[in-house]
Amino acid sequence: MLLEALDGEETVVFTTAAASVQVQVEPVGRWFEAYFKRRNRSTSASFQELEEEEESEEESEDEEFQLEEYPMLRTLDPKDWKNQDHYAVLGLINLRYKATQKQIKAAHKAIVLKHHPDKRKAAGEQIVEGDNDYFTCITKAIEILSDPVKRRAFDSVDPTFDNAVPSKGEGKENFFQVFAPVFDRNARWSSKKHVPKLGTMESSFEDVDNFYSFWYNFDSWREFSYLDEEEKEKAECRDERRWIEKQNRASRAQRKKEEMNRIRTLVDTAYSCDPRIKKFKEEEKARKESEKKAKADAKRKEQEERERARQAELDAARLQKEKEEEEAKQAAQQAKKEKEIQKKAIKKERQKLRTTCKNWNYFADDETDSVKMMEEVEKLCDRLELTSLQSLNEILASGSKEDSKAAVEKQVQEVNAQLQRERDAEVQARQAARSADQASGGGGGGGGGKGWNEEDLQLLIKAVNLFPAGTNARWEVIANYMNIHSTSGTKRNAKDVINKAKNLQRLDPLQKDEINRKAFEKFKKEHSQVPPTIDNAQPSERFDASGSEGNSAAWTTEEQKLLEQALKTYPVSTPERWEKIAAAVPGRSKKDCMKRYKELVEMVKAKKAAQEQVAAKSKK
């Protein structure tokens, strides 16, 4: 149906329409061809789809490989070939670095067939003689792109590549839309084939970490030899060639450094704008806070558990200590009772021996022999043990006067022989000490013939330890200390003391130990020997008690430190002060601590007196 004519228009018939004709159509086309192949080859549709996909890829490559002639080709200057776009010259402006060598050769062949000087000359076109014709630019393009090294150099400075780096302001608004194309664009410079993608907001921490690790350690093959200002082939001599190479290396290194700084700036900017990094940091912060809180709770619980365990140990130790103190107290009371019993038994046996001998008139006929035997009996009472006294009293009680006298005389001989042996040993020790003193220089060499006995040597050793190095006028103080406390009456000066101290230092360590041992044995003998007593004399109970309770062993360094700390902890105003001090020093009684304290006080007083005396002499 024809449209009606509008107002002011008219309908005109130009010609008549042809009559309808029936035409027989043959089925053709790709889909009919695919159906025909499947029917004849008995293949499935999936297999056919794979074949069609391969054919479509080949067709797409053919479609992509469409030469696009460069409109400015005829205006190119052959002398400025280095600044031309070689891909555009060959018509590969769309493929560019993705073009294969086969495509490059095909493009070159096609463009040569069209622009070769002979072809153009045959077409009547005027040709410029020599290398000034624009066809030289086509020759340079194929020369560059057919050589892999030269092509990589040109691709590195591709004039169409965008080196721009987005700013932080652009990235914060649309991070993935802004930075994803930039990273994809720069991925072409990677020496590694598999370049990780930027990802999305849902990417895992491992993927994001791998992405930034890859780009922070980006290995770029991009190099800038194409931009060398000088060509070493044009050099006239070797030195000039070396100079050109040096200049080119420097410029390439500078451009490479700028390129790596550009990549680093891109990665830093992306990292600072990446919302996933912020999310991961917040999650990490929350995780650390939770771990810190859990750790603090565990530490608090552990501390409470340790405190409970420590309190339990303290309670157990306190109970154990109380138990041990109670046992020690009972043992001490038992030992005291046994000692009292033994002491009473010894006292009884001694009294019995004295009474028996007195009844026999000490086995003497005259008064002189009686007095002498009385002294011998007292010596027996002092030297014999309980068992010996009991045996002797049994003999005296059951035997006759002659047997009793013989038993007493035998015991007297044994005691006298023992005393003689002890005196001989003491004499030998003194002789050995005198010989050692003479061998060491006659008392110090510079002592003016003044002898040194064991007491003086021990006093010297004590003074050297009492006044250590650094004491003002040390050797004068030591000499004055010895003159005050020495019992030999020999006055010594600082020179005598120095010489003797040097001789002692030169002694063999065994000789030093021998001197100390002899001095200790002498001290022990003098303080342990019981003096002779008159008839019917009884030992002092207080002396025996102090000897039983006290500890005669030398004070160790640890005990000395404990005593000093206890003296500071418990001042004079503390009730039962010495009992508490003794409890703080294991192995020492109250009497030991008081005795040691008095010794320390006397030692300090003596030290101050010696120093004051030397100071007074120096002032005079």
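Report on the accompanying structure. (Residues numbered from 1 in each chain as written. Predicted model: local features only at pLDDT ≥ 70, side-chain atom pairs only at ≥ 80, totals over all residues. Heavy atoms only, no water.)

## Side note on the overall build of the chain
Now for step 1: Of the regular secondary structure elements, the chain holds 23 helices and zero strands.
Now for step 2: Within the chain, buried positions represent 28% of all 620 residues.
Now for step 3: Of the accessible surface of the chain, which amounts to about 43700 Å², a share of 52% is contributed by carbon and sulfur atoms. (Helix = DSSP H or I, 4+ residues; strand = E, 2+ residues; numbered from the N terminus. Buried < 20%, exposed > 50% of the residue type's maximum accessible area, 1.4 Å probe, protein only. Areas by Shrake-Rupley, 256 points an atom, 1.4 Å probe, with all protein chains shown as cover.)

## Considerations on the packing of helix H4 (residues 101–115) against helix H6 (residues 135–146)
Two quantities define a packed helix pair, namely the angle between the helix axes and the distance between the axes.
Now for step 1: Closest axis-to-axis distance for the H4/H6 pair is 11 Å, and the angle between their directions is 170 degrees. With respect to their mutual orientation, H4 and H6 come out roughly antiparallel. Two secondary-structure elements touch here, H4 through Gln101, Ile104, His108, Ile111, Val112 and His115 and H6 through Phe135, Ile138, Ile142, Leu145 and Ser146.
Now for step 2: The residue makeup of the contact of H4 with H6, split by class, is seven nonpolar, four polar and no charged. (Axes fitted to C-alpha atoms, helices over the stretch in contact; angles between N-to-C directions. Parallel < 35°, antiparallel > 145°, perpendicular 65-115°, else oblique. Contact = heavy atoms within 4.5 Å. Nonpolar A, V, L, I, M, F, W, Y, C, P; charged D, E, K, R; others polar.)

## Some points on helix H13 (residues 367–383)
Side chains three or four residues apart in an α-helix point the same way, a direct result of the helix having 3.6 residues per turn.
Now for step 1: The terminal C-alpha atoms of H13 lie 24 Å apart, and with 17 residues this matches the ideal 24 Å at 1.5 Å per residue to within 8%.
Now for step 2: Within H13, burial applies to Ser370, Met373, Glu376, Val377, Glu378, Leu380 and Cys381. (Expected span 1.5 Å × (residues − 1).)

## Observations concerning the packing of aromatic side chains
Now for step 1: Across all of its chains, the model carries 19 aromatic pairs by this definition.
Now for step 2: Between Phe154 and Tyr226, the aromatic rings sit 5.4 Å apart at their centres with planes inclined by 70 degrees, giving edge-to-face as the arrangement. Linking Phe154 in helix H7 (residues 148–156) with Tyr226 in the loop between helix H10 (205–216) and helix H11 (238–273), this pair joins segments that are 72 residues apart in sequence. Accessibility assignment for this pair places Phe154 and Tyr226 in one class, buried.
Now for step 3: Ring geometry for Phe214 versus Trp215: centroids 5.9 Å apart, planes at 85 degrees, classification edge-to-face. Taken as a pair, Phe214 and Trp215 share a single burial class, namely buried.
Now for step 4: Put simply, the rings of Phe175, Phe176, Phe179, Phe183, Phe211, Tyr212, Phe214, Trp215, Tyr216, Phe218 and Tyr271 pair up and form one aromatic cluster. (Phe/Tyr/Trp six-rings, centres within 6.5 Å; stacked < 30°, edge-to-face > 60°.)

## Looking at the packing of helix H16 (residues 454–466) against helix H17 (residues 474–485)
Now for step 1: Orientation of H16 relative to H17, taken along the N-to-C sense of each, is 140 degrees, at an axis distance of 10 Å. The orientation of H16 with respect to H17, classified from their angle, is oblique. Here H16 and H17 pass one another in a crossing that is right-handed. Between H16, through Asp456, Leu459, Leu460, Lys462, Ala463, Val464 and Leu466, and H17, the contact on the second element is made entirely by Arg474, Trp475, Ile478, Tyr481, Met482 and His485.
Now for step 2: In terms of residue class, the contact of H16 with H17 is made up of nine nonpolar, one polar and three charged. (Left-handed = near helix turned anticlockwise from the far one by under 90°.)

Coordinates in, geometry out; function isn't part of it.
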